[in-house]
Amino acid sequence: MNIYRYGTRKTEARLRRIVNRGLDYSRQHYRQVSAIIGDVKKNGDAAIEKYSNQFDAPRQKASQFQVSRAEMDAAVKKADKGFMRALNRAVRQIESFHRRQVEQSWISTERSGVVVGQQVTPVDSAGIYVPGAKGGETPLVSTVLMGAIPAKTAGVGRVIMVTPPRKDGSVNPQLLVAAKKVGVDAIYKVGSAWAIAALAYGTETIARVDMIAGPGNLYVALAKKILSATVGIDMIAGPSEIMVIADAAANPAYIAADLLSQAEHDEMSSAVLVTDSEPLARKTAGEVESQLAGLSRRKTAEGALAAYGAIIVVEDMEAAFSIANRFAPEHLELHVREPFEWLGHVRNAGAVFLGEHTPEPVGDYVAGPNHTLPTAGSARFASALSTPHFMKKTSIVHYSRDAFRAEAADVIKIAETEGLTAHANAIKVRLSQKGK
């Protein structure tokens, strides 16, 4: 990894390249995804079968989209004790965290004769998208948990999962076990943009949903973006990213390992270290090179670091946090003395990991908070996937006759100021009906 000194033109150019690397959709991408969406909307299962045969499972038929009970039973039998132990821990801790996020309805009667409030209700149905990494051979079990658990915790009545099939038309059994564990109601072997379109519009086999959550590739993200006026979505997730802020006392081996844990995702991933210690910067660069040699996804990590990696040396910690807030990283690790004392300096981050024994992967799997996080700088205004994403807020308003009359003149004044005479008349007609 290259080392940059903060304040130079070269460093500023590198920072701009990293900060501005968000999802970039071409006109061709829009045309392709829009055509797929239109095809699914018009032709339903037939369109999905066509795309699935072309890109995923050559012999899959619409009648085989849904995972059967027999497939679920077979998957459960294959699960080993070690996997189930880890799965149970993750589910228990993720559920505990997300239960704390449940919002309650409320009513206020502070003004005489007036009742206002907010009714909080879950959406009726939700679809969880689980990517098919490496053809289903590296099952993203944690994505099942992070999508389905907040939906179920919110009280969603029907939670379904879609995931691309393997070439033989099957789904990795560990994904099925995870889905059963968290109460997913149905699983469909369908992926990419056509799966998102099916969830948004419904087909003969797949009923439409009210909310879609879960990460995916460029085509999945673009389909969610296009359909966001038709169905609820969690966010438009981009490539993964990590920033580590470290002082001279930090462990360079730990930092290097954590940077690489995100760089291995794909070549658009970003991994940045910001430190006020030049010796630590040099040692970390050496550790990165050393640890790269043993990675199974070395080429991917090298590509990510070459394009969007950096080690930036700053004068002080204030400058480090200024960079972090500008970057608004998906994952921010604080490898500093007394990390909790610096937490108040963080304004923009998807998740913050405090201390050298809190690497980002614990957040991916077992810590409890959701790992579906805002990326590409969107942590400036967006939050992690949560239970409230699956809940709606409905306003409640009631006026007694006396309360209505006490505020009527002000309503009329504002309505007439806006030129909305019918609005004003809805008030005036009630004032004219004395005694009723």
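1. Notes on the nonpolar core
Here is step 1 of the chain: In terms of nonpolar packing, the biggest core is built from 39 residues, with Leu145 and Phe390 touching the most fellow members.
Here is step 2 of the chain: Contributing elements (two or more residues each) for this core: α4 (69–78), α5 (81–99), β4 (125–129), α6 (141–154), β5 (158–162), α7 (173–181) and β7 (211–213).
Here is step 3 of the chain: In terms of residues, this core owes the most to one element, α6, which gives 8 residues.
Here is step 4 of the chain: Counting residues in each nonpolar core, the second largest holds 33 residues, with Ala62, Tyr188, Trp194 and Leu199 among its members.

2. Considerations on the packing of aromatic side chains
Here is step 1 of the chain: Counting across every chain of the model gives 4 aromatic pairs.
Here is step 2 of the chain: The interplanar angle of 20° and the centroid separation of 5.3 Å between the aromatic rings of Tyr51 and Trp194 together place this pair among those described as stacked. Note that Tyr51 is positioned in helix α3 (residues 45–55) and Trp194 in helix α8 (residues 192–201), a separation of 143 residues in sequence. Across the pair, Trp194 and Tyr51 agree in class, each one buried.
Here is step 3 of the chain: Relative to Trp342, the ring of Phe321 lies with its centre 5.2 Å away and its plane at 5°, an arrangement referred to as stacked. Taken together, the residues span a long stretch of sequence, with Phe321 in helix α13 (residues 317–327) and Trp342 in helix α14 (residues 339–342) at a distance of 21 residues. Each member of the pair, Phe321 as well as Trp342, is classed as buried.
Here is step 4 of the chain: Here the aromatic residues Tyr51, Phe55 and Trp194 are joined through ring pairs into a cluster of three or more.
Here is step 5 of the chain: The cationic tip of Arg21 hangs over the ring face of Tyr308; the distance from NZ or CZ to the ring centre is 5.7 Å.

3. Remarks on the environment of Asp266
Here is step 1 of the chain: One can find Asp266 in the loop between α10 (252–263) and β10 (270–275).
Here is step 2 of the chain: As a C-alpha pair, Asp266 and Leu305 span 39 residues in sequence and 10 Å in three-dimensional space.
Here is step 3 of the chain: Setting aside anything within four residues of it in sequence, one finds Asp266 in contact with Pro239, Thr300 and Ala304.
Here is step 4 of the chain: Side-chain polar atoms of Asp266 contact the backbone nitrogen of Met268, separated by 2.7 Å.

4. Remarks on the sheet that holds strand β9 (residues 241–246)
Think of a sheet as strands paired side by side through backbone hydrogen bonds, with each pair either parallel or antiparallel.
Here is step 1 of the chain: If you trace the 6 strands from one edge of the open sheet to the other, you get β1-β11-β10-β9-β12-β13, paired in parallel fashion. Of all strands in the sheet, those with a lone pairing partner are β1 (3–5) and β13 (351–354), marking the two edges. The average undirected angle you get between the axes of adjacent strands in this sheet is 20°.
Here is step 2 of the chain: Relative to β10, β9 runs parallel, the two being bridged by 6 bridges. Bridge pairing in β10 links Ile242 to Ala271.
Here is step 3 of the chain: Most of the contacts of helix α12 (residues 298–308) go to strand β11 (residues 309–313), to which it runs at about 50°, and overall it touches β10 and β11.
Here is step 4 of the chain: In the packing of α13 onto the sheet, contacts are made with β9, β10, β11 and β12 (331–335), and the angle to β9 comes to roughly 170°.

The rules behind these values
- Residues numbered from 1 in each chain as written.
- Predicted model: local features only at pLDDT ≥ 70, side-chain atom pairs only at ≥ 80, totals over all residues.
- Heavy atoms only, no water.
- Core = buried A, V, L, I, M, F, W, Y, C linked by side-chain atoms within 4.5 Å.
- Buried < 20%, exposed > 50% of the residue type's maximum accessible area, 1.4 Å probe, protein only.
- Helix = DSSP H or I, 4+ residues; strand = E, 2+ residues; numbered from the N terminus.
- Phe/Tyr/Trp six-rings, centres within 6.5 Å; stacked < 30°, edge-to-face > 60°.
- Lys NZ or Arg CZ within 6 Å of the ring centre and 35° of its normal.
- Contact = heavy atoms within 4.5 Å.
- Polar contact = N/O pair within 3.5 Å; in protein donor to acceptor, adjacent residues only side chain to side chain.
- Pairing = 2+ DSSP bridges.
- Axes fitted to C-alpha atoms, helices over the stretch in contact; angles between N-to-C directions.

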